Amino acid sequence: MVDKDSSTSEANTAALPARRLVLKMAAGAALAAGGRKMLLGEAQAQKAKLKTLVIASPSTPAGLDRDKDLTQISQRVVKNVYEQLYEYPLVKLPNGLMGVDPNGFGSRFNSMLAASAPQISTDGRVYTINLRKGVKSRYGNELTTDDIRYSWQRSFGIKVCGGGFVLPLSGCTGMDNLEIIDKYTYRISLKEDNYLLSRTLENECGPPVLDSTEVRKHDNSDDPLAKQWVSLHDAGFGPYQVESWTPGQEITLRGRDDYWGGKPKIDRVVFKEIPSSADRLALLIAGQVDIADELLPREVATAAAQKGVKVDFWPMATGFDALIHNAKIAPHGDRRVREALNLAIPHDQIIEKIYFGRATRWDGVIPPAHEGSISIPRKTDLEKAKSLIEEAGAKGTTLELYYGTGSPVHEEISVALQTAYSKVGINLELKKLPDSVFVERLYKKELPLAIYRDAAFQPDAGYALGLWYPSRSFFAFGQMAMSTSDADKANQAKIDELIVKGTKTINDADRNQVWKDLQLLIDQTQIFGYLPLPGMTVVRRDNIIGAACYNDNFYRVYDMDKLTT
Amino acid sequence: MLLLVSIVVFGMVRLLPGNPAYRLAGLGASAETIRQIEVDLGLDQPLPFQYWRYIQHLARGDLGRSSYTHQPVSEELKQRLPATIELLTLSFVIAVMLGISVGSFLAAARQGPIARVTERFFNVYGLLAGAIPEFWLGLILIYIFFFRLGWLPGPIGQVDLDVGAPAHVTGLYLIDALLTGDWDVLKSVMAHLVMPVATLVFLVAAPVIRMTRASVLQSLDSDFVHHARRCGIRESAIARHALRAALPPIITVVALLYSYLLGGAVLVEQVFAWGGLGQYSVQAVVVSDYAPLQAFVLLAAVVSLITFLVVDILYAAVDPRVRL
């Protein structure tokens with residue numbers, strides 16, 4: 001169980017009657033005179049000996065359930081606590097940094113909780129997986145196939161990440177796809193061809209492998225599927241465990257001595273909540289924290305110029321910013337208007353003036369980090385944009401562009417777009433919404449034009465295309481299916497067809513051809529405006545080494561070390 | 001009164017745009033998932049039913065559970081309240097002492113060049129205090145005293161990370177560090193309090209100074225003071241009586257300040273990563289987390305009601321006419 005001593009005792013104390021509180025205060029004072037100081041001193045000395053990494057983070061986690069707590073900080077923490085069956089191998093990239101190999105994804109995996117690569121039947125429909133033996137959770141329970149069964153059941157019960165889209169996209173729609181062979185072996189059987197499972201066995205959004213022995217103790221009618229408990233406690237098999245957690249202040253992880261891969265080099269990790277990005281930068285420069293997360297591009301540029309601070313930048317990451325056209329709201333149903341607005345995007349200006357060079361042009365319809373993506377060069381062409389606007393009869397039209405308050409960089413991009421669009425005869429009104437409202441209205445397809453940031457964690461074309469572009473997608477194409485334009489509807493039907501066809505194509509060459517045709521078709525529709533890709537950035541003190549870029553755009557503390565200065 | 005407040009709070013929070021179910025589900029979620037989350041949170045029920053359930057829980061002291069952190073709100077309030085109380089009370093006490101002392105001094109020394117210069121200085125200060133946003137002042141103090149001069153610790157919460165929180169007795173770090181005799185922690189806690197307290201004091205001391213000066217001046221010009229002087233009563237005794245006569249309007253301003261401080265703490269806590277109730281409420285607003293938001297507003301209402309009660313009691317203590 002998570003050691004939440006401080007918060008628990010605080011809560012208990014607050015419930016004490018005043019008389020007991022007075023006694024407790026007196027006891028505290030007595031302790032001061034006695035041996036308490038010595039004990040405190042020893043504890044502090046012990047703590048000082050540990051190698052501690054302090055990360056300035058915009059918040060503490062909302063929860064620790066990998067199946068449903070999807071905020072950035074939750075994911076950043078749980079990726080150090082939970083572990084998957086497989087992981088893509090890290091390689092040294094051309095820029096000298098470590099990252100997943102962009103040219104060799106396929107089904108090449110490092111085995112993590114699995115003992116070896118999956119054995120795949122010749123027809124590609126049956127996967128047999130052996131678990132690593134002797135892997136234990138922090139509670140001392142050994143990893144077995146019972147944990148896999150429970151994790152799947154729970155994931156399908158929650159239906160958000162693993163059971164909500166990763167497993168269904170991979171052809172697994174329920175527990176009947178899973179068969180337990182013995183304590184360490186299980187089998188996944190597909191009812192029809194689906195190559196994606198060979199990729200998503202690695203997926204960070206797949207069902208998290210939980211210590212079912214521990215979680216089941218809390219899975220009851222008061223807390224079905226132990227949703228509350230798993231949100232507040234860690235139950236994984238990863239290299240770190242939660243040591244303490246004070247919401248709104250900090251969460252501390254402790255490296256596990258009994259981790260199967262060996263004790264982590266960094267003993268403790270403190271995610272300290274510092275809401276203001278300016279404060280996070282100041283603390284990093286002053287050397288009071290080791291890493292500052294989620295700085296604005298301008299602050300990253302400032303940090304890069306400081307002594308003792310290093311900025312690692314990986315241009316090849318899966319995160320993206322897209323301009324989403326809502327085809328069911330005029331004039332975005334007119335392809336010419338969409339193309340004009342996309343042609344007017346000032347790519348170079350955004351990269352240089354807003355990202356200070358730490359972004360790359362998005363040449364394609366999915367980021368190039370996805371295996372199977374093709375390059376479709378983007379350029380700014382104001383003349384062509386102007387003539388398309390005139391041709392569509394939209395000159396002088398006022399459009400609304402929406403973005404969320406949580407993304408200051410989107411505000412800067414919106415201003416750049418406003419200036420660019422004014423040159424092609426479009427007045428752009430900027431509308432900033434609170435994040436929760438923005439997400440809700442985007443989901444309900446009420447926003448005519450919006451900037452949204454997201455990522456498809458699986459670096460595979462089929463996964464990304466299947467996530468963002470089918471008509472059942474919550475995203476842009478759901479709107480295109482409702483477009484007043486017959487051409488849009490026809491294109492959407494063709495896109496849906498190609499996504500299904502590609503997913504069922506097992507042969508790599510044939511499938512890549514389908515993905516190529518699909519990407520070219522998507523580009524013709526102009527339903528997205530492809531804004532520069534922000535990549536992944538880590539801003540750290542120069543004695544912190546080993547950060548690597550994973551396909552989910554998060555670093556893992558287990559790879560890192562802190563050198564003595 | 002509290003029942004009325006609870007209805008207003010409940011209604012206003014529900015009027016806020018944004019459905020937490022969409023945020024909790026994430027963009028990739030199906031309509032079925034969103035529906036399930038709405039059911040889990042009770043958002044599928046009619047508003048009167050939701051309110052009735054809220055009141056039932058409230059009567060049992062149950063403030064609900066945060067849909068964001070999944071923890072009971074009452075637990076989270078208990079964790080975060082001491083940090084805010086410490087910050088507000090210290091700021092309040094310093095602001096009031098400073099305000100009454102300076103205001104009385106300005107009223108007493110109303111003539112002469114020094115008095116005129118001091119008065120102008122405090123006039124300018126009053127204008128600045130009314131115009132400067134608290135978060136901006138906080139950031140400027142951080143830039144100067146932490147980043148540039150390095151005299152004070154950075155905005156990393158209530159205590160240095162390598163020192164850690166004191167052993168828990170009351171939850172108030174300053175008090176706990178004193179009680180346990182942990183001097184390193186005490187030093188760290190005091191250093192961390194300087195900038196946020198200075199920010200709040202700078203902003204709220206101005207109205208106390210202004211009101212004290214005006215009220216004491218009026219009191220010094222009143223008939224009973226002139227009469228006392230002509231009777232040859234000592235100036236110190238006259239000043240004491242004049243100050244007491246000036247107290248009612250000062251008490252009103254001071255009382256309002258505590259509620260104002262609670263509002264001001266929202267942004268100051270955010271800037272200094274204080275981890276108290278203010279920061280908690282900002283997070284609740286950002287993520288449309290109804291239960292913590294309701295609890296915060298209800299708590300603020302309770303603080304205001306208690307404050308006004310205390311004002312009435314103090315009025316009776318300092319102004320004999322009230323007791324007539």
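Check the entry above for the structure.
Everything numeric here is computed off the predicted structure, so don't read it as measured data.

This part takes up the overall build of chain B. For chain B, the count of helices and strands is 14 helices and 0 strands. Seen in sequence order, chain B has helices and strands lined up from the N terminus as α-α-α-α-α-α-α-α-α-α-α-α-α-α. Looking at the 324 residues of chain B, the share that counts as buried comes to 51%. For chain B, the proportion of contacts with a sequence separation of at least 24, taken over those separated by at least 6, is 70%. Of the roughly 15,500 Å² of accessible surface on chain B, a fraction of 69% belongs to carbon and sulfur atoms. Of the side chains in chain B, 22 bear a positive and 22 a negative charge, and the two mean positions are spaced by 12 Å.

Let's shift gears to unusual backbone geometry. Residues and elements named next belong to chain A. For the peptide bond that leads from Ala330 to Pro331, omega is 5°, which places it in the cis range. Assignment of secondary structure puts Pro331 in the loop between strand 15 (319–325) and helix 12 (335–343). With a phi close to 60°, Leu225 is a non-glycine residue in the positive phi region. For Leu225, the location among the structural elements is in the loop between helix 8 (212–216) and helix 9 (227–232).

What follows covers the environment of Ala165 of chain B. Residue and element names in this part refer to chain B. As for its position among the elements, Ala165 is in the loop between helix 7 (134–148) and helix 8 (173–179). The partly exposed category is assigned to Ala165, whose relative accessible area is 47%. Excluding residues within four positions of it along the chain, Ala165 makes contact with Val159 and Tyr173.

Next up on the list: the sheet that holds strand 12 (residues 268–273) of chain A. Residues and elements named next belong to chain A. An order of 10-11-12-1-13-20-14 is seen for the 7 strands of this open sheet, with the pairing classed as mixed. Edge strands, defined here as strands with exactly one partner in the open sheet, are strand 10 (240–246) and strand 14 (309–314). Alignment of strand 10 against strand 11 (residues 250–255), held across 6 bridges, turns out to be antiparallel. Its bridge partner lying in strand 11, Gln241 is registered against Arg254. Strand contacts of helix 10 (residues 277–285): strand 1 (52–57), strand 13 (291–292), strand 14 and strand 20 (536–541), with the helix running at about 45° to strand 20, the strand carrying the most contacts. Helix-sheet contacts for helix 11 (residues 297–304) involve strand 14 and strand 20, and the interaxial angle to strand 14 is about 130°.

This part takes up a nonpolar patch on the surface. Residues and elements named next belong to chain B. Together, Met1, Leu2, Leu4, Val8, Met12 and Leu305 line one region of the surface with nonpolar side chains, adding up to about 600 Å² of accessible area. Looking at the nonpolar patch element by element, the count peaks at 4 residues for helix 1 (residues 2–15). Along the chain, Met1 falls in the segment before helix 1.

Turning next to helix 13 (residues 347–354) of chain A. All names here are of chain A. Along helix 13, the positions that sit buried rather than exposed are His347, Ile350, Ile351 and Ile354. Down the axis of helix 13, the buried side of the element spans an arc of 115°, and every buried residue falls inside it. Tucked inside the fold, the buried residues of helix 13 contact helix 11, helix 12, helix 15 (408–422) and strand 19 (528–530). In the stretch just after helix 13, Phe356 is the one whose phi turns positive, near 50°.

Let's shift gears to the pattern of salt bridges. All names here are of chain A. Taken as a whole and assessed by the stated rule, the structure comprises 46 salt bridges over all chains. Of the charged contacts in the structure, one is a salt bridge between Asp257 and Lys263, with a shortest N-O distance of 4.0 Å. Given the relative accessible area of 61%, Asp257 is considered exposed.

Turning to the packing of aromatic side chains, a few remarks are in order. All names here are of chain A. Following the criterion strictly, the structure yields 21 aromatic pairs over all chains and no others. With a centroid separation of 5.4 Å and an interplanar angle of 45°, the aromatic rings of Tyr259 and Trp260 are classed as tilted. Judged by its relative accessible area of 29%, Trp260 is partly exposed. One aromatic cluster is present, built from ring pairs that chain together Phe320, Trp362, Trp468, Tyr469, Phe528 and Tyr530. The positively charged end of Arg511 is found above the aromatic ring belonging to Tyr195, 3.7 Å away from the centroid.

Rules used in this analysis
Residues numbered from 1 in each chain as written. Chains lettered and ligands numbered in written order. Predicted model: local features only at pLDDT ≥ 70, side-chain atom pairs only at ≥ 80, totals over all residues. Heavy atoms only, no water. Helix = DSSP H or I, 4+ residues; strand = E, 2+ residues; numbered from the N terminus. Buried < 20%, exposed > 50% of the residue type's maximum accessible area, 1.4 Å probe, protein only. Contact = heavy atoms within 4.5 Å. Areas by Shrake-Rupley, 256 points an atom, 1.4 Å probe, with all protein chains shown as cover. Lys, Arg positive; Asp, Glu negative; His and termini not counted. Charge placed at Lys NZ, Arg CZ, Asp CG, Glu CD. Pairing = 2+ DSSP bridges. Axes fitted to C-alpha atoms, helices over the stretch in contact; angles between N-to-C directions. Patch = residues over 30% accessible without salt bridge, like charges linked within 9 Å, V, L, I, M, F, W, Y side chains within 5 Å. Salt bridge = Lys/Arg side-chain N within 4 Å of Asp/Glu carboxyl O. Arc of directions from axis to C-beta. Phe/Tyr/Trp six-rings, centres within 6.5 Å; stacked < 30°, edge-to-face > 60°. Lys NZ or Arg CZ within 6 Å of the ring centre and 35° of its normal.

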